[in-house]
Amino acid sequence: MGQEIVVTSSSDVGGGKLSMSLVDLKKNNNGIEKMSSSSWLSILSPSSLILFAWNTFNRFTFISVLFILICWTSAFTYTTLYFLYVPTLIHHRMVNFQFDLRCQDNCLNPSAEVPLYDYKTPSIFARGQSYDFHIELDLPESDVNWDQGMFMVRMRLLDERKNEVINYATPSILQYKSPILRIANLVCYWPLYLSGFTKEAQHLAVPLATNFIDGFSPRHGLASMANISIEAKQIQLYSATLAIKANLRGLRYYMVYWPLTSALFGTLSIGFFVAIIVILSVFRILRNNSASTTVENNHFD
């Protein structure tokens, strides 16, 4: 153990014997492996690939391929930036109001809880983006709703700990129609009512909050739930939908409402900077290659 094994050949070379140790053979093999790995790395390096393409293909073909790659890179970068920077323009959430049918007096107001997250992200709000809230109500033109008159729609935003972030309330009412106008409307549209193409209902869009920025309220977390209630003695409704619209400003506004102009300007700007970087890199690689070739020629001379 630990001794050096010597292999000796029986042939004489110039009156002496040729001997070589196994340790020297292993060292030589390791050196060859290192040289082969370093040679592969040098062949697969970006500079070697650029020199290979420059010397192999036609100059026009090389420049054309490079131009296509720059255009594709700039377009891909702008598209990725658009989907990462521009938020969803509008979110719709169904509102299912809960109420007690057994109640006679002092009943609770119809209320519903709407989650403000989805399966992809823990929050539907973009950082630093302002939003407008409004609720869309489909109310039948029934005697109960006509007798109800004014009613209040209240929205409370809650964080993960059920702490109240904001509290908004907005009054609303059915659009007034005189008895004569109701009869005239029924006489004119009775075929549509009978066929089911339309119904005796009104669509109300009630604004709830404007310019809300999530995380802007101090001592509160991010809004994760919206509690919506209708403060009315008696009210009838078909359906309700909460709409949350992003109030875009600045660069986001132009990227959404001027898509072609912003896409053209953004792609050209990104392509300009990418082209500068690529041209400088190729020029430097070609210059270093020409300098090394000149030095080798002078050495052989």
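Residue numbers run consecutively from 1 along every chain, following the written order of its sequence. Only residues with pLDDT of at least 70 get local features here, since the model is predicted, and only at 80 or more are side-chain atom pairs given and counted; chain-wide, interface and lining totals rely on the full set of residues. Only hydrogens and water are removed before side-chain values are computed, so all heavy atoms of the structure are retained for them.

All right, on to the side chain of Asn 227 then. Elements are defined by DSSP. Helices are runs of H or I of four residues or more, strands are runs of E of two residues or more, and each kind is numbered from the N terminus. Among the secondary structure elements, Asn 227 is positioned in strand β9 (residues 225-231). To sort residues, take the accessible area from a 1.4 Å probe on protein chains only and compare it with the maximum for the residue type: under 20% means buried, over 50% means exposed, and anything in between is partly exposed. Take Asn 227: its relative accessible area is 14%, and that puts it in the buried class. Leave out the neighbours within four places in its chain, and Asn 227 touches Ala 112, Glu 113, Arg 154, Met 155 and Arg 156. Working rule for contacts: check all heavy atoms of both residues, and any pair within 4.5 Å makes them a contact.

The set of buried Ala, Val, Leu, Ile, Met, Phe, Trp, Tyr and Cys residues whose side-chain atoms join them within 4.5 Å is what this entry labels a nonpolar core. Counting residues in each nonpolar core, the largest one holds 37 residues, and the members touching the most others are Phe 133, Ile 135, Leu 157 and Leu 242. Taken together, the elements giving at least two residues each to this core come down to β4 (111-115), β5 (130-140), β6 (151-158), β7 (164-172), β8 (201-213), β9 and β10 (239-246). Discounting residues that sit within four places of it in the chain, Leu 157 has contacts with Leu 116, Phe 133, Asn 163, Glu 164, Val 165, Ile 166, Phe 212, Ala 223, Met 225 and Ala 226.

A word on the packing of aromatic side chains. Geometry of aromatic contacts follows a simple scheme: Phe, Tyr and Trp rings, the Trp one being its six-membered ring, pair when their centres are within 6.5 Å, and the pair is stacked under 30 degrees between planes, edge-to-face over 60, tilted otherwise. Throughout the structure, instances matching the rule amount to nine aromatic pairs. For the ring pair Trp 72 and Phe 76, a centre distance of 5.4 Å and an interplane angle of 5° mean the geometry is stacked. One end of the pair, Trp 72, and the other, Phe 76, are both in helix α3 (residues 59-85), four residues apart, so they sit about a helical turn from each other. Exposure remark for Trp 72: the relative accessible area of 57% places this residue in the exposed category. Between the aromatic rings of Phe 125 and Phe 133, the centroid separation amounts to 6.1 Å while the plane-to-plane angle is 55°, which identifies the pairing as tilted. As far as the burial class goes, Phe 125 and Phe 133 line up, both buried. Cluster of aromatic residues (ring-pair linked, three or more members): Phe 125, Tyr 131, Phe 133 and Phe 212.

We now examine helix α5 (residues 179-195). Each residue after the first adds 1.5 Å to the expected span of a helix. Its 17 residues give α5 an end-to-end C-alpha distance of 23 Å, which sits within 8% of 24 Å, the value for a rise of 1.5 Å per residue. The axis of α5 is deflected most strongly, by about 70°, at Tyr 189, and proline Pro 191 appears within four residues downstream. At the exit of α5 stands Gly 196, carrying a positive phi of roughly 90°. Axes are fitted to the seven residues ending at a residue and to the seven starting at it; the angle between these axes is taken as the bend at that residue.

The criterion for strand pairing is that DSSP finds at least two bridges linking the strands in question. Taken together, four strands build an open sheet; the order of strands is β3-β10-β5-β8 and the sheet is antiparallel. With partners counted over all chains shown, the strands left at the sheet margins are β3 (90-94) and β8, one partner each. With direction set aside, neighbouring strand axes in the sheet form an average angle of 20°. Of the strand pairs in this sheet, β3 and β10 are connected by five bridges, and their pairing is antiparallel. Lines are fitted to the C-alpha atoms to define the axes, a helix being fitted only along its stretch in contact, and any angle between axes, read from their N-to-C directions, falls within 0 to 180 degrees.

Pairing of β6 with β7 involves eight bridges; the strand directions are antiparallel. Each residue of the ladder has a partner; that of Leu 157, found in β7, is Ile 166. Counting the residues that bridge the hairpin from β6 to β7 gives five residues, and of these Lys 162 lies at a positive phi of roughly 65°. As judged from the seven bridges shared by β6 and β9, these two strands associate in the antiparallel manner. Note that in β9 the partner of Leu 158 across the bridge is Met 225.

Attention shifts here to the pattern of salt bridges. The term salt bridge refers to a pairing of a side-chain nitrogen on Lys or Arg with a carboxyl oxygen on Asp or Glu at a separation within 4 Å. Counting across every chain of the model gives three salt bridges. Residue Glu 141 is joined to Lys 177 by a salt bridge in which the shortest nitrogen-to-oxygen separation is 3.0 Å. With Glu 141 in the loop between β5 and α4 (143-148) and Lys 177 in the loop between β7 and α5, the pair connects residues that are 36 residues apart, well separated along the chain. Each of the two residues, Glu 141 as well as Lys 177, counts as buried. Across the pair Arg 156 and Glu 164 runs a salt bridge whose closest N-O atoms are separated by 2.8 Å. A relative accessible area of 26% means that Arg 156 is categorised as partly exposed.

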